Amino acid sequence: MKTAEFDYNLPANLIAQHPLEDRAAARMMVLRRDSGSIDHRCVRELPCFLQSGDLLVVNDTRVIPARILGKRTDTGGKVELLLLEQCGPNVWRALCRARRRPQMGSQLTLADGRVQAEVLSLEPEGRTTVRLECRETLVDVLEEVGLTPLPPYIKRPDGPEPADRERYQTVYATNPGAVAAPTAGLHMTTDLLDQLAARGVARTAITLHVGPGTFRPVTAELVEEHVMESERSEVSPETAEKVNRTREEGGRVIAVGTTTVRTLESAAADGGMVRTFSGRTDLFIRPPYAFKAVDCMLTNFHLPKSTLLMMISAFAGRDLIMKAYHEAVEAGYRFYSYGDCMLIL
């Protein structure tokens, strides 16, 4: 398929720059795959669409405040690192932003002098490997002075706002490691989860630590030529057992977010049985794709020509999704991370 088939026009004013104060107040477009119907509802109405015996699966990853500012020790030039993933003792993969890119062996002073870094390698697209040294625990330093790594389409000229640190996390975020939030989950509240539990909807979690590849556009002319970046993910034995039992008993598996879908599908065998899984996944879900583990999906509205838009097109059909996106634009829905969402049944 051509990547251009997943393009659409989005006015810039529809890209949500701030979240709603009430997470459950967001709009929720409801798509039914069987009839092709489109309905306009609200997130707090989610319990109306789920039933006893269903299983809600969420991604419990936690965004770390992984952006740290500093300077080159030799020139004093400003440097910003976005720590992506630890790959050894005191060694991290990172994205580096600077007017003049540091070279191998360059020394950096970060976090007001509390962290020293040495550039070990240089890779394309600003990626690098660094060795970090600090007298304190790095996690403690990041919690004190690290910045929330908001997506590039959320404009913060003066840096993330204090409210972003709490609002760019799900209410069930427990496993630190992501540099981007699983944004469909940002709509969930403890009250909403309690209401679902009262209806007999069970809940379980997977973990996928969302990386920068989430925002990487598909630049290849053909969808099949795009290469997905791998991300760390995990399905526990308990979660695998709950998913398999739910489906055996006729319940539905409702995935909150594309990251949850990707993880469950990575752990599913051809027969649909979900296995315990721990490792990396580079699964690229695009049309045509036969879903094995997921029956319904709650998801935000995604960027044009993105792998996430391709995934939901595989789930609900490209024509229905593009029709729904056109209707969302016409109706003034709020798009992307801090925006509204879509429930696909």
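A brief report on the enclosed structure follows.

Conventions adopted
- Residues numbered from 1 in each chain as written.
- Predicted model: local features only at pLDDT ≥ 70, side-chain atom pairs only at ≥ 80, totals over all residues.
- Heavy atoms only, no water.
- 1 Å grid on protein atoms, 1.4 Å probe; cavity = no way out; pocket = protein on both sides within 12 Å on 5 of 7 lines; lining within 4 Å.
- Points joined across faces, edges and corners; volume = space filled by probe spheres on them.
- Helix = DSSP H or I, 4+ residues; strand = E, 2+ residues; numbered from the N terminus.
- Nonpolar A, V, L, I, M, F, W, Y, C, P; charged D, E, K, R; others polar.
- Pairing = 2+ DSSP bridges.
- Axes fitted to C-alpha atoms, helices over the stretch in contact; angles between N-to-C directions.
- Contact = heavy atoms within 4.5 Å.
- Salt bridge = Lys/Arg side-chain N within 4 Å of Asp/Glu carboxyl O.
- Buried < 20%, exposed > 50% of the residue type's maximum accessible area, 1.4 Å probe, protein only.
- Phe/Tyr/Trp six-rings, centres within 6.5 Å; stacked < 30°, edge-to-face > 60°.
- Lys NZ or Arg CZ within 6 Å of the ring centre and 35° of its normal.
- Core = buried A, V, L, I, M, F, W, Y, C linked by side-chain atoms within 4.5 Å.

Estimated volume of the largest pocket: approximately 900 Å³. What lines the largest pocket is a set of 34 residues, among which L82, R97, L150, P151 and P152 lie closest to the centre. Secondary structure elements with two or more residues in the lining of the largest pocket: β5 (67–72), β6 (78–88) and β7 (91–98). Tallied by class, the residues present in the lining of the largest pocket amount to 19 nonpolar, five polar and ten charged.

Time to look at the sheet that holds strand β3 (residues 55–59). The strand order β2-β1-β17-β16-β14-β3-β12-β13-β15 describes an open sheet built from nine strands, whose pairing is mixed. With partners counted over all chains shown, the strands left at the sheet margins are β2 (38–42) and β15 (277–281), one partner each. Neighbouring strand axes in the sheet, compared pairwise and without regard to direction, differ in orientation by 25° on average. Here strand β1 (residues 27–31) pairs with β2 via five bridges, running antiparallel. Bridged to L31 within β2 is I38. Sitting on the sheet, helix α4 (residues 237–248) touches β3, β12 (202–208), β13 (231–235) and β14 (253–256), and the angle it makes with β12 is about 130°.

Moving on: the pattern of salt bridges. The tally for this structure, following the rule as stated, stands at 22 salt bridges. Of the charged contacts in the structure, one is a salt bridge between R41 and D39, with a shortest N-O distance of 3.0 Å. Owing to a relative accessible area of 33%, D39 belongs among the partly exposed residues under this scheme. Put simply, R114 and E136 hold a salt bridge, and the shortest N to O gap is 2.7 Å. Highlighted residues: R114 in the loop between β8 (107–110) and β9 (115–122) and E136 in the loop between β10 (127–133) and α1 (138–145), separated in sequence by 22 residues.

As a further point, take empty space enclosed by the protein. Evaluated as defined, the whole model comprises two cavities of 30 Å³ or more. There is about 60 Å³ of room inside the largest cavity. Residue lining of the largest cavity: P19, L20, D22, R23, A26, R167, L186, H187, R334, S337, Y338 and G339, and that is the complete set. Tallied by class, residues from the lining of the largest cavity come to five nonpolar, three polar and four charged. By volume, the second largest cavity is sized at about 30 Å³. Along its surface, the second largest cavity is lined by G213, R216, H226, V227, M228 and E229. Of the residues that constitute the lining of the second largest cavity, the class distribution is two nonpolar, two polar and two charged.

A separate point is the packing of aromatic side chains. The geometry of an aromatic ring pair is captured by the separation of the ring centres together with the interplanar angle, meaning the angle of the planes. Within the structure shown, the criterion is met by eleven aromatic pairs. Plain terms: the ring middles of Y153 and Y336 are 4.7 Å apart, the flat faces sit at 55° to each other, and that makes the pair tilted. Remark: Y336 occurs in the loop between α7 (318–330) and β17 (341–344) and Y153 occurs in the loop between α1 and α2 (162–167); sequence separation between them is 183 residues. According to the relative accessible area criterion, Y153 is buried, its value standing at 12%. With relative accessibility at 7%, the residue Y336 sits in the buried group. Through successive ring pairs, a cluster of aromatic residues spans Y8, Y153, F301, Y325, Y333, F335 and Y336. Here R27 stacks its cationic end above the ring of Y333, 4.0 Å away from the centre of that ring.

Inspection of the secondary structure assignment puts A268 in the loop between α5 (258–267) and β15. Separated by 26 residues in the primary sequence, A268 and V294 place their C-alpha atoms 9.8 Å from one another. Those residues within four positions of A268 in sequence are excluded, and the remaining contacts are M273, V274, R275, K292 and A293.

Turning next to the nonpolar core. Residues M29, I321, Y325, F335 and M342 are the most contacted members of the largest nonpolar core, which totals 64 residues. Among residues more than four places away in sequence, those in contact with M29 are I38, D39, H40, F301, A324, E327, A328, Y333, C341, M342 and L343. The next biggest cluster of nonpolar side chains, apart from the first, holds 24 residues, and it includes A26, V30, V256 and L298.

With that settled, consider the sheet that holds β7. Spatially, β5-β6-β7-β10-β9-β8 is the arrangement adopted by the six strands of the closed barrel, whose pairing is antiparallel. Recorded for the sheet is a direction-independent mean angle of 45° between the axes of neighbouring strands. Inspection of the sheet shows β5 paired to β6 by five bridges, in the antiparallel sense. For R67, the partnering residue across the bridge sits in β6 and is L82.

Below, the discussion takes up the pairing of β1. Of all five residues making up β1, four are buried, and the element is well covered by its neighbours. Counting the residues in the hairpin turn of β1 and β2 gives six residues, including G36, whose phi is positive at 80°. For β1 and β17, the ladder comprises four bridges, and the chain directions are parallel. Of the residues in β17, the one forming a bridge with M29 is M342.

This is a description of form; function is not addressed.
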